[in-house]
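Fold and geometry: a report
The lines below spell out each chain.
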Amino acid sequence: MGKKKRGHPDVEELLARPWCYYCERDFEDLKLLISHQKAKHFKCDRCGKRLNTAGGLSVHMNQVHKETLDKVENALPNRQGLEIEIFGMEGVPEEIVQQHNQRIVTNFYTAQAERHAATGNPPPGHSGGQGPAKKIKIETPDEIKRRLAEHRAKVAAQKAAAANGGAVGIPTDGQSPGQVVSPFPPPQPGFPYPAPAAGAPPFAAGQPFPPAFPAGPSPPPGAATAFNLPARPPSGAPPSALPQRPPYFYNGSGAPPPGFSGTSSTVDELVAGASRQGDDIDQLIRMAEAGIKPAKPAAPAEETGEKKSKKDKEKNTRMVYGDTEISPEEKLALLPSYKLVEV
Amino acid sequence: MAPSTQFEVSQPPTDVVGTVVFAPNSNKLLVPSWDKSVYLYEVGDSAEDAKLVNSYEYRAPILDACFGADDNEAFTAGLDREVTRIDLSTGEKTTLSKHSEPVRCVVYSPEHRLLISASWDGTLHIHNLAAPDQSPVTVALPGKPHAMAASPSKLVVAMTARLVHIYDLPSIATALSNSSSEAAAASIQPWQQRESSLKFLTRAVACMPNDAGYATSSIEGRVAVEWFEDTAESQARKYAFKCHRQTAPEEEGGGDIVYPVNALTFHPVYGTFASGGGDGTVALWDAEAKRRMRQYQKFPDSVAALGFSRDGKYLAICVCAGFETGMENYDGKGKTKLFLRELGETEAKGKGAK
Ligand SMILES: [Zn+2]
Ligand SMILES: [Zn+2]
């Protein structure tokens, strides 16, 4: 890529970087991306063999270990599906490419605006200002305190929402144990939902797995620092080091705000706006990076694909065996072929 | 890591199977069937080396079976309402008791030398095998039993109307040894009465080998795990999750197809558990970490029964024609298959809760 004039890559450079469909990480070159995918997403957990694609791993698991691969490992929650065949950058659905690019652009301009806001210089447009653009924003203690207070307020609000039974922005998919309300009509009139026993904790049985981590769309406390990530090091960094991502700032809209003005949006506003978004890809990435698994430990394979009409699907649930009182064995027992011959 | 292997066992039962159970001290495998026979297989040095060693004919379908004090003693639950003891070496059968309706389950507690049968007549028969002359004690249940399992100290009975009774086995043993049958029957009360954690009909119950709790499954693609200890803390740990579901094709309107979870069994060493469903899959779960560890290659039909060998090395998997609502035309004949999976060393080992 040659030596850069500025400490920050320009947006075209960012857009040109190969990136991984499964985890949105980007790489210096395609080779690194492919070896990343083999090691992180297509590696057999039984024998360590690295395959080229998820399909290849699935066949391998089937043939060698007689097991079913149900999802792509280490992938973002809505990218674990096996139905999409990915190799390097090949096979990424067009709308995902668009989403990715938009995100890069948004993050780029947000980061740029943030830098300018920090330096007090007006946004230079695309021509590239000569101001101290390399300078990374350093927050004053007051700013940090204010941001922390806002973050806490948000978390508290989300907790309150969760306590009220509101679904919180845990990125679950339809079949994860995230359903509290049965999609079925009650099996019989007045069939009661099991009331928690007296003194029982709010998490009654019959409910899903409790999330392993506090629910809420905002990043965990540890991840808050991600908002202030230092900029990507200049390309003079040792080539052996895995390329770092540029800082991800986001405003949640998925696109640069119209008439974007660098000075009108504080980081806190951006953060606040972003945290209102429940299922933002950046959010998922951040959770993944913080080692936080979305609360879907038992998400079965069939539900890993992209889906937009989750709610509609839930209504469509069909039980193969629906009798709530008589067991299949009792019905079998009534069949003529099993009738007891009294002697 | 040694690759695990899986083989289909030849000469499977010829009709529906509800139970596969390994012997306490060997790799003998007992499989009762609705074809009115009970089959005994033996696994040799590998899963490939499994063969039928004997089969025992009955006059009625056998719904359940368990081993007794040793590898040659077994008990069966018959559609003919009889609870039978069988000597597997000689084939000699003895009727232990007769219910007024078919017998759904039999469970043997080696710790207390108790054999418990559960019948659709809404009773348990408790046989004190330490005193063979004593007639069994009848305990009335508030509903029809659908599934039953024992841990070292507890007996869990899942019934209609989502009722679950937990009995304390040491207390039962004491009652049986100290009093007459009538007095014992009167004194045997459930240690705990619970409502099922699942909203639909219970299909299977399995107890944790460490005596701490149990898992239940229902016809509605769901499994619940809970603990015996009746403290708020223990009860707060219980959870349930969806499983054994499939996405319906869009042309059929999409949505989820929800299968019954027919089988549950805990790994005797690691305490993880396997579930088998009408979707033809078997999944391994880490009860502590609350995650699915593995899902095995889809089987050709509904998974009806699962059982680990006592050392945890083998998993027996029985598949049958699946049960569906409206079973007037059900025919399971010739569709039963028996598979044996040899597990890799750490295949069923959980990662723990951390
Ligand atoms: Zn990746
Ligand atoms: Zn492998």
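Residues numbered from 1 in each chain as written. Chains lettered and ligands numbered in written order. Predicted model: local features only at pLDDT ≥ 70, side-chain atom pairs only at ≥ 80, totals over all residues. Heavy atoms only, no water.

As a further point, take the overall build of chain B. Summing up its helical and strand segments, chain B has 3 helices and 30 strands in all. Looking at the 354 residues of chain B, the share that counts as buried comes to 63%. Counting every atom, chain B has about 12,300 Å² of accessible surface; 46% of that belongs to carbon and sulfur. (Helix = DSSP H or I, 4+ residues; strand = E, 2+ residues; numbered from the N terminus. Buried < 20%, exposed > 50% of the residue type's maximum accessible area, 1.4 Å probe, protein only. Areas by Shrake-Rupley, 256 points an atom, 1.4 Å probe, with all protein chains shown as cover.)

Okay, the coordination of the zinc ion (ligand 1) next. Residues and elements named next belong to chain A. Protein coordination at the zinc ion (ligand 1) comes from Cys20 (SG), Cys23 (SG), His36 (NE2) and His41 (NE2), with a distance range of 1.9 to 2.3 Å. Taken together, the 4 donor atoms surrounding the zinc ion (ligand 1) define angles of 100 to 122° at the centre, an arrangement classified as tetrahedral. Motif for the zinc ion (ligand 1), donor spacing along one chain: C-x2-C-x12-H-x4-H. Here His41 lies in the loop between α2 (30-40) and α3 (54-65) and Cys23 lies in the loop between α1 (11-16) and α2, a separation of 18 residues in the sequence. Comparing Cys23 with His41, the two get one shared label, buried. (Donors = N, O, S within 2.8 Å, 3.2 Å for Na, K, Ca; no water. Tetrahedral: all angles 85-135°; square planar, octahedral: opposite > 155°, others 65-115°.)

This part takes up the sheet that holds strand β25 (residues 273-277) of chain B. Residue and element names in this part refer to chain B. One open sheet holds the 4 strands; their spatial order is β24-β25-β26-β27, and the pairing between them is antiparallel. The open sheet terminates on both sides in strands that have one partner only, identified here as β24 (261-266) and β27 (291-295). Strand after strand, the sheet turns through a mean of 25° between neighbouring axes, direction not considered. Direction of pairing for β25 relative to strand β26 (residues 282-286): antiparallel, over a ladder of 4 bridges. Residue pairing in the sheet places Gly276 in a bridge with Val282 of β26. (Pairing = 2+ DSSP bridges. Axes fitted to C-alpha atoms, helices over the stretch in contact; angles between N-to-C directions.)

The subject of this paragraph is the packing of aromatic side chains. Across all of its chains, the model carries 13 aromatic pairs over all chains by this definition. Summarising the aromatic geometry, the rings of A:Phe108 and A:Tyr109 are spaced 5.1 Å apart at their centres and angled 85° between planes, so their arrangement reads as edge-to-face. In this structure A:Phe108 comes out as buried when scored by relative accessible area, which is 10%. Taken together, the ring pairs in this structure connect B:Trp227, B:Tyr239, B:Phe241 and B:Trp285 into an aromatic cluster. It is B:Arg237 that lies over the ring of B:Trp227; its NZ or CZ is 4.0 Å from the centre. Positioned above the aromatic ring of B:Tyr296, the side-chain terminus of B:Arg341 is 3.9 Å from the ring centre. (Phe/Tyr/Trp six-rings, centres within 6.5 Å; stacked < 30°, edge-to-face > 60°. Lys NZ or Arg CZ within 6 Å of the ring centre and 35° of its normal.)

Attention now goes to the UniProt feature "repeat: WD" (unreviewed entry) in chain B. Under the present numbering, the feature "repeat: WD" (unreviewed entry) in UniProt falls on residues 96-129 and 261-295 of chain B. For residues 96-129 of chain B, helix accounts for 0% and strand for 65%, while the C-alpha atoms at its two ends are 10 Å apart. (UniProt positions renumbered as here; feature names shortened; annotations may be inferred.)

Moving on, we get to the nonpolar core. Generally speaking, nonpolar side chains in soluble globular proteins are found buried as a group. Core analysis: the biggest nonpolar cluster contains 39 residues, and A:Leu332, B:Val20, B:Tyr330 and B:Leu340 have the highest contact counts within it. Elements with a minimum of two residues in this core: α9 (328-334) of chain A together with β3 (28-32), β4 (37-43), β28 (302-308), β29 (314-320) and β30 (337-342) of chain B. Among the elements that line this core, the one with the most residues is β29(B), at 4 residues. The contact partners of B:Leu340, leaving out residues within four places of it in the chain, are B:Thr5, B:Gln6, B:Phe7, B:Val9, B:Phe22, B:Val43, B:Ala47, B:Ala50, B:Tyr314, B:Leu315 and B:Ala316. Among the nonpolar cores identified, the runner-up in size contains 21 residues, and B:Cys105, B:Tyr167, B:Leu176 and B:Ile188 belong to it. (Core = buried A, V, L, I, M, F, W, Y, C linked by side-chain atoms within 4.5 Å. Contact = heavy atoms within 4.5 Å.)

As a further point, take the pairing of strand β17 (residues 192-195) of chain B. All names here are of chain B. Burial along β17 is one-sided: Gln192 and Arg194 are buried, and none of Gln193 and Glu195, which face the opposite way, are. One ladder, built from 4 bridges, connects strand β16 (residues 163-168) with β17; its direction is antiparallel. Looking at β17, one finds that Leu163 is bridged to Glu195.

Bringing the coordination of the zinc ion (ligand 2) into the picture now. Residues and elements named next belong to chain A. Distances from the zinc ion (ligand 2) to its protein donors, Cys44 (SG), Cys47 (SG), His60 (NE2) and His65 (NE2), fall at 1.9 to 2.3 Å. The site at the zinc ion (ligand 2) holds 4 donor atoms, and with the angles between them running 100 to 118°, its shape is tetrahedral. Within one chain, the residues donating to the zinc ion (ligand 2) are spaced in sequence as C-x2-C-x12-H-x4-H. Owing to a relative accessible area of 9%, His60 belongs among the buried residues under this scheme. Classification of His65 by relative accessible area gives buried; the value is 2%.

Turning to the sheet that holds strand β9 (residues 93-98) of chain B, a few remarks are in order. Residues and elements named next belong to chain B. Here we have 4 strands laid out as an open sheet, ordered β6-β7-β8-β9, and antiparallel in their pairing. Of all the strands in the sheet, the pair left with one neighbour each is β6 (62-67) and β9. Mean inter-strand twist for the sheet, computed between neighbouring axes without regard to direction, equals 25°. Summarising the sheet, β6 and strand β7 (residues 73-78) pair through 5 bridges and their orientation is antiparallel. Counted as the bridge partner of Ile62 is Gly78 from β7.

Next up on the list: the UniProt feature "domain: C2H2-type" (unreviewed entry) in chain A. With numbering aligned to this structure, UniProt lists the feature "domain: C2H2-type" (unreviewed entry) at residues 42-65 of chain A. Here residues 42-65 of chain A runs as 50% helix and 0% strand, with 15 Å between its end C-alpha atoms.

This part covers α3(A). Residue and element names in this part refer to chain A. Look at α3: 15 Å from first C-alpha to last across 12 residues, which is about the 16 Å you get at 1.5 Å a residue. All of the buried residues in α3 are Ala54, Leu57, His60, Met61 and His65. Seen along its axis, α3 keeps its buried residues to an arc of 115°; they face one direction. Just downstream of α3, Lys66 is the residue with a positive phi angle, here 55°. (Expected span 1.5 Å × (residues − 1). Arc of directions from axis to C-beta.)

Residue and element names in this part refer to chain B. Within the structure shown, the criterion is met by 28 salt bridges over all chains. Among the ionic pairs, Arg85 bridges to Glu73, the shortest N-O distance being 2.7 Å. With Arg85 in strand β8 (residues 82-87) and Glu73 in strand β7, this pair connects stretches of sequence that are 12 residues apart. Taking the relative accessible area as the measure of exposure, Arg85 reaches 26% and is therefore partly exposed. (Salt bridge = Lys/Arg side-chain N within 4 Å of Asp/Glu carboxyl O.)

Quick look at the environment of B:Asp230 now. Within the secondary structure layout, B:Asp230 lies in the loop between β20 (222-227) and α3 (232-236). Setting aside residues no more than four positions away along its own chain, B:Asp230 makes contact with B:Gln192 and B:Gln235.

Here we come to the side chain of B:Asp15. Looking at where B:Asp15 falls in the secondary structure, it is placed in the loop between β1 (5-9) and β2 (21-22). Relative accessible area serves as the criterion here: at 2%, B:Asp15 is assigned to the buried category. Beyond its immediate stretch of four places on either side in the chain, B:Asp15 contacts A:Tyr338, B:Ser33, B:Trp34, B:Asp35, B:Gly332, B:Lys333 and B:Thr336.

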